[in-house]
Amino acid sequence: MTNMRYQKETDPMIKINATKGHRHAKNALLCLGLAAGLALNGCSSSSLYSLRDLWEWMGRGTETLYHMQDYEGQGQDNFFTPGARWRDTDGNLIQAHGGQVQQMLVPDENGDMVTRYVWVGEDKNSGHLGNCVAVYTSEDLYHWEFRGDVLRSVKSREELDTDPYFQTVYAGYTDEQLDHVFECINTEAVIERPKMLHNEKTGKYVIWFHNDNLTEANPSYKYDVGMSGVAISDSPFGPFRFVDRYRLSHCPEGQIDCYPTSKGEARDMNLFKDTDGTGYVVYTSENNKTLYISKLNEEYTYLCTDPEKAVYGVDYIRLFPGAMREAPALAKGDDGRYYLISSSTTGWMSNQARMWSADTIFGNWQNDGNPCVGADAGITFDSQSTCLFRAENGQWIYCGDRWNGDELYDSRYIWLPVTFEDGRATIQWKETWEW
Ligand code: DGJ
């Protein structure tokens, strides 16, 4: 690979530095406001966690690592350029934010099953709310073909009765069920962090996502519903049919609930399929203070046990109460150990990642600290975790979102190599790299 084509990127660096400096100053002000807000709220252990993360965040490096973020070639090359715009094979910006990448069996144009990389994520062309769920496929992880918005948000209740697409997808639904579909996935709803699993037993593809909205009790907070939505299809390319949304397992008797007034909240989430085929949902609960891992049923369409009957340590566990972690991504390393990366909770702003690891999924999770090393490790190289996956050659890859809160559709993807040594994961910045 020649570096000649990058020469023209040297001058734009000045612009990048200026933009970044401006963004840091703006973010620092937001941070101070947030810190003051937390202090006024009283210093619970959870807000102390947050203040510490904010402090780390504010002291983050100012070196410019991101020389390549104005580079426009990603999507045509045979290498990654983290932070640069990434276009699909039609030349459009890839819309798979808060997403997940995995190798999966999918039907080809003849209906034969073939192995492809599948990237599912939020189509942020609609902005913050009402995101459709998009799917892309690739054979090499560099070039991605758009396979469609496979779960569609709904503009109006009437659309479900009159639009041929929705009439087909929701054929057989009662009026009451259609009302519910509209209530949950309308274009004002939060539809975030979609993840897909293929269920070998049923042959179905199942998408889980963070589904949220205002409530009457809290009409100014878009994250008050706090549920996981579930949709299902016969094909990874849809159409996916919304099934329902759920509150999930909650703090058991005898443990200290960090948010007892709202049980079973599920916000940022991820899915994980273990090597024995057992599915799990990982989610942020207790007002973003505590992560949970809950086992799914055999079909992956709900929990294995209803939250009211779920047995702690058998059906689910709580992780790091009060630590305020979100954006979880869970993987099983080649050493058989489980690795869970997450971010702190600072909205669209980046913060410090933390990795935990464990021998068993419901066992003792050890805090391995920040897996990122080098400049800007304190802000996860200006990204927020969304997926950890293994490429065909055994290369582990961290996928993060570099959110652009003002223009969410132009948020960037930060994919970096992960190395594992002695049960510890390390993520390092790369301007460009190949797997
Ligand atoms: C952080 C979450 O991780 C994102 O998915 C999104 O919900 C933003 N917060 C919204 O501020």
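Residues numbered from 1 in each chain as written. Predicted model: local features only at pLDDT ≥ 70, side-chain atom pairs only at ≥ 80, totals over all residues. Heavy atoms only, no water.

1. Points about the packing of aromatic side chains
So, step 1. Under the counting rule described, the total for this entry stands at 34 aromatic pairs.
So, step 2. Note on Phe 80 and Trp 433: the rings are 4.7 Å apart at their centroids and 45° apart in plane angle, and the pair reads as tilted. Taken together, the residues Phe 80 in the loop between helix 2 (45–58) and strand 1 (97–107) and Trp 433 in the segment after strand 21 (424–428) connect sequence positions 353 residues apart.
So, step 3. What makes Phe 80 buried here is its relative accessible area of 1%.
So, step 4. For Trp 433, a relative accessible area of 7% puts it in the buried group. (Phe/Tyr/Trp six-rings, centres within 6.5 Å; stacked < 30°, edge-to-face > 60°. Helix = DSSP H or I, 4+ residues; strand = E, 2+ residues; numbered from the N terminus. Buried < 20%, exposed > 50% of the residue type's maximum accessible area, 1.4 Å probe, protein only.)

2. Let's talk about the site of the ligand
So, step 1. By nearness alone, every residue bordering the ligand is listed as Glu 192, Arg 193, Tyr 223, Asp 268, Glu 326, Gly 347, Trp 348 and Gln 384.
So, step 2. Here an oxygen atom of the ligand sits 2.9 Å away from a polar atom, N or O, in the side chain of Arg 193.
So, step 3. The separation between an oxygen atom of the ligand and a polar side-chain atom of Tyr 223 is 3.2 Å.
So, step 4. Contact with the protein chains hides 89% of the accessible area of the ligand, taken as 290 Å² for the molecule alone.
So, step 5. Across the shell around the ligand, the residue classes tally to two nonpolar, two polar and four charged. (Near = heavy atom within 4 Å. Polar contact = N/O pair within 3.5 Å; in protein donor to acceptor, adjacent residues only side chain to side chain. Areas by Shrake-Rupley, 256 points an atom, 1.4 Å probe, with all protein chains shown as cover. Nonpolar A, V, L, I, M, F, W, Y, C, P; charged D, E, K, R; others polar.)

3. A few points about the side chain of Arg 157
So, step 1. With respect to the helices and strands, the residue Arg 157 is situated in helix 3 (residues 157–162).
So, step 2. Residue classification places Arg 157 among the buried residues on the basis of a relative accessible area of 16%.
So, step 3. Ignoring sequence-local partners within four residues, the contact set of Arg 157 consists of Asp 175, Leu 178, Asp 179 and Phe 182. (Contact = heavy atoms within 4.5 Å.)

4. Digging into the sheet that holds strand 4 (residues 145–151)
So, step 1. In spatial order, the strands read 1-2-3-4; together these four strands make up an open sheet with antiparallel pairing. In this open sheet, the two strands that pair with only one neighbour each are strand 1 and strand 4. Strand after strand, the sheet turns through a mean of 30° between neighbouring axes, direction not considered. (Pairing = 2+ DSSP bridges. Axes fitted to C-alpha atoms, helices over the stretch in contact; angles between N-to-C directions.)

5. Digging into the sheet that holds strand 7 (residues 227–233)
The strands making up a sheet are joined through hydrogen bonds of the backbone, oriented either antiparallel or parallel.
So, step 1. The strand order across the open sheet formed by four strands is 5-6-7-8, and the pairing between neighbours is antiparallel. Taken across any chain shown, the strands that pair with only one partner, and hence form the sheet edges, are strand 5 (190–198) and strand 8 (241–246). Strand-to-strand, the axes of this sheet are offset by a mean angle of 25°, without reference to chain direction.
So, step 2. Contacting strand 5, strand 6 (205–212) and strand 8, helix 5 (residues 175–185) crosses the sheet at an angle of about 70° to strand 8.

6. Here we look at the confidence of the model for the chain
So, step 1. Per-residue pLDDT for the chain has a mean of 89; in total, 85% of the residues score no lower than 70.
So, step 2. Here residues 1–31 scores under 50 on pLDDT; set against residues more than four positions off or in separate chains, the count is 41 contacts.
So, step 3. Contacts from residues 33–50, a stretch scored under 50 in pLDDT, to residues over four places away or in other chains number 19 contacts. (pLDDT = per-residue confidence, 0-100.)

7. A word on the pairing of strand 3 (residues 132–138)
So, step 1. Of all seven residues making up strand 3, seven are buried, and the element is well covered by its neighbours.
So, step 2. Side chains Cys 132, Ala 134, Tyr 136 and Ser 138 of strand 3 all project onto a buried face; the interleaved residues Val 133, Val 135 and Thr 137 project onto the opposite face, where all are buried too.
So, step 3. Relative to strand 3, strand 2 (residues 113–123) is paired through seven bridges, and the arrangement is antiparallel. Its bridge partner being in strand 3, Trp 119 is matched across the sheet by Tyr 136.
So, step 4. Across five bridges, strand 3 lies against strand 4 in antiparallel orientation. Note that in strand 4 the partner of Ala 134 across the bridge is Asp 149.
So, step 5. Counting the residues that bridge the hairpin from strand 3 to strand 4 gives six residues, and of these Leu 141 lies at a positive phi of roughly 75°.

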